[in-house]
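Topology and contacts: notes
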Amino acid sequence: MTSIDDLISALPKAELHIHLEGSLEPEMVFVLADRNGIPLDYASVDVLQDAYSFSGLQDFLDIYYTGMRVLQTERDFYDLATAYFERAMQDNVRHAEVFFDPQAHTDRGVPLAEVVGGIVAAVKEAALAGLGVYLIPCFLRHLSGQDAMDSLVELEPFVEHFCGVGLDSSELGHPPSKFVAAFERARELGLKLVAHAGEEGPPEYVWEALDILHVDRIDHGNRALEDSALVERLRNHQVPLTVCPLSNLKLAVVDDLRFHPLKSMLDAGLVTTVNSDDPAYFGGYLNKNFREIANSLDLSVDEVITLAENSFTASFLPESEIQKHLEEIGRIRVNLSVSTSDL
Ligand code: ADE
Ligand code: ZN
């Protein structure tokens, strides 16, 4: 083992914050547009990719929702999911908890059964190839609380395929409390609960996600660090944060990865994880997020290994499976200390 980069590649990891539609690569946008006869405003893959320069979350979301219009059929969702699963396995991802946005498709007239059918078929194949996948449909927070409820009712016949529900899209002006009824109902259905909070929104939104929605994890959570009582709460309850370094850079949540709060989160004793968010738009899949944040913050071998361990402890896997992954990481840790003590 020669470098942090090699270590990152060798470590088994879970990815807990990835939007399936955010893994729609520009090349696939063109393939699906052609297949489905959908006109695009961009002359080529390069021109489309040149548009991926964002001033903030909303600027990105406008392009993200436009791009996903090419997703029309069960086969499209199968192809999208299969491409992400294959790419994740190249990064030694063993388990992924994957978001998708049902309302962004059903509101365009795509039947939910096509969306779920395509994704679930790909999940079954991924399992045979060694990647475990849990699915988390998200409510779009720029829509109403009632829309979220209606979406949940539509999702209920497919509930066996989901491990939880999430909350994403435009954060500012859309506090978690808007969705208390849908989250309550999801909990009654036995689902885990997660919510994006503190990406652009204030610490109060993280408090609401914890105290009003009763989430099991916070997605992003960067701005929680502005409130010391909130940090204490997250630490005391070991509420995991799914942090997305390259996303934060591309969406101007941080100006430079050297100023990213991830090391402060680790130092504060928070269960911090690294994730890719929307890799097709933000310039990198999981290992690239690990590499760039480790190099920018000069993370130690020990901290990188802790991040890989956290990815499993923060997951919704059964405890026995978590232990299995932690033991494998533990063996890497021991081998590493043996080889460095030889030097
Ligand atoms: N949907 C896809 N990516 C997102 C992000 N980073 N924040 C909120 N909603 C999203
Ligand atoms: Zn996200």
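Everything that follows concerns the structure shown earlier in this document.
Because the structure is predicted, anything quoted here is derived from the model rather than measured.

Turning our eyes to something else, we now look at the overall build of the chain. Counting secondary structure elements, the chain contains 17 helices and eight strands. The C-alpha radius of gyration computed for the chain amounts to 19 Å, which stays within 12% of the reference 20 Å derived for 343 residues, consistent with globular compactness. A buried classification covers 55% of the 343 residues belonging to the chain. Carbon and sulfur atoms form 50% of the exposed surface of the chain, whose accessible area is close to 13500 Å². The average position of the 25 basic charges and that of the 56 acidic charges among the side chains of the chain differ by 3 Å.

Across the sheet, which stays open at both edges, the eight strands sit in the order β1-β2-β3-β4-β5-β6-β7-β8 with parallel pairing between neighbours. Either end of the sheet is taken by a strand with one partner, and the two such strands are β1 (13–19) and β8 (272–274). The mean inter-strand angle of the sheet, taken between neighbouring strand axes irrespective of direction, is 25 degrees. Two elements, strand β3 (residues 132–140) and strand β4 (residues 164–168), share three bridges in a ladder whose sense is parallel. Considered in β4, the bridge of Phe139 is made with Leu167. Along the sheet, helix α7 (residues 112–129) makes contact with β2 (93–100) and β3, crossing β3 at roughly 155 degrees.

Attention now goes to the coordination of the zinc ion (ligand 2). Around a metal, the idealised angle for a tetrahedral arrangement of four donor atoms is 109.5 degrees; for an octahedral arrangement of six donor atoms it is 90 or 180 degrees. Coordination of the zinc ion (ligand 2) by the protein involves His17 (NE2), His19 (NE2), His196 (NE2) and Asp277 (OD), with metal-donor separations of 2.0 to 2.2 Å. All donor residues of the zinc ion (ligand 2) come from one chain, and their arrangement in sequence is H-x1-H-x176-H-x80-D. Pair noted here: His17 is in strand β1 and Asp277 is in the loop between β8 and α14 (279–282), with a separation of 260 residues, a long-range link.

Here the focus is a negative patch on the surface. Taken together, the side chains of Asp107, Asp147, Asp150 and Glu154 make up a negatively charged region of the molecular surface. Note that Glu154 resides in helix α8 (residues 145–155). We classify Glu154 as partly exposed; its relative accessible area is 39%.

This brings us to the site of ligand 1. Every residue lining ligand 1 is accounted for by His19, Leu57, Phe60, Leu61, Tyr64, Asp168, Ser169, His196, Glu199, His220, Asp277 and Asp278. One nitrogen or oxygen atom from the side chain of His19 is found 3.4 Å from a nitrogen atom belonging to ligand 1. Between Ser169 and ligand 1, the recorded distance is 2.8 Å, taken from a backbone N or O atom to a nitrogen atom. Coverage of ligand 1 by the protein chains reaches 100% of its 260 Å² of free accessible surface. With four residues, the single largest contributor to the shell around ligand 1 is helix α4 (residues 57–67). Residue composition of the shell around ligand 1, grouped by class: four nonpolar, four polar and four charged.

So, on to the pattern of salt bridges. Applying the stated rule across the entire model yields 14 salt bridges. Two residues, Arg258 and Asp256, come together in a salt bridge whose shortest N-O distance is 2.8 Å. Judged by relative accessible area, which is 54%, Arg258 ranks as exposed. Residue Asp256 is classed as partly exposed on the basis of its relative accessible area, which comes to 21%. One salt bridge in this structure joins Glu309 and Arg333, with 3.2 Å as the shortest N-O distance. With a gap of 24 residues between them, Glu309 in helix α16 (residues 301–313) and Arg333 in helix α17 (residues 319–341) connect regions that are remote in the sequence. Assessed through its relative accessible area of 19%, Glu309 is described here as buried. By relative accessible area, Arg333 is classed as partly exposed at 25%. One connected set of salt bridges, linked through shared partners, spans Arg35, Asp76 and Asp79.

What follows is about the packing of helix α2 (residues 26–36) against helix α5 (residues 74–90). Across the interface, α2 lies against α5 with an axial gap of 11 Å and an inter-helix angle of 165 degrees. Comparing their axes, α5 and α2 come out roughly antiparallel. For the pair α2 and α5, the sense of crossing is right-handed. For the pair α2 and α5, the contacting residues are Met28, Leu32, Arg35 and Asn36 in the first and Arg75, Asp76, Asp79, Leu80 and Ala83 in the second. Split by residue class, the contact of α2 with α5 holds four nonpolar, one polar and four charged.

Scoring rules and cut-offs
Residues numbered from 1 in each chain as written. Chains lettered and ligands numbered in written order. Predicted model: local features only at pLDDT ≥ 70, side-chain atom pairs only at ≥ 80, totals over all residues. Heavy atoms only, no water. Helix = DSSP H or I, 4+ residues; strand = E, 2+ residues; numbered from the N terminus. Rg over C-alpha atoms; globule rule 2.2 N^0.38 Å. Buried < 20%, exposed > 50% of the residue type's maximum accessible area, 1.4 Å probe, protein only. Areas by Shrake-Rupley, 256 points an atom, 1.4 Å probe, with all protein chains shown as cover. Lys, Arg positive; Asp, Glu negative; His and termini not counted. Charge placed at Lys NZ, Arg CZ, Asp CG, Glu CD. Pairing = 2+ DSSP bridges. Axes fitted to C-alpha atoms, helices over the stretch in contact; angles between N-to-C directions. Contact = heavy atoms within 4.5 Å. Donors = N, O, S within 2.8 Å, 3.2 Å for Na, K, Ca; no water. Patch = residues over 30% accessible without salt bridge, like charges linked within 9 Å, V, L, I, M, F, W, Y side chains within 5 Å. Salt bridge = Lys/Arg side-chain N within 4 Å of Asp/Glu carboxyl O. Near = heavy atom within 4 Å. Polar contact = N/O pair within 3.5 Å; in protein donor to acceptor, adjacent residues only side chain to side chain. Nonpolar A, V, L, I, M, F, W, Y, C, P; charged D, E, K, R; others polar. Parallel < 35°, antiparallel > 145°, perpendicular 65-115°, else oblique. Left-handed = near helix turned anticlockwise from the far one by under 90°.

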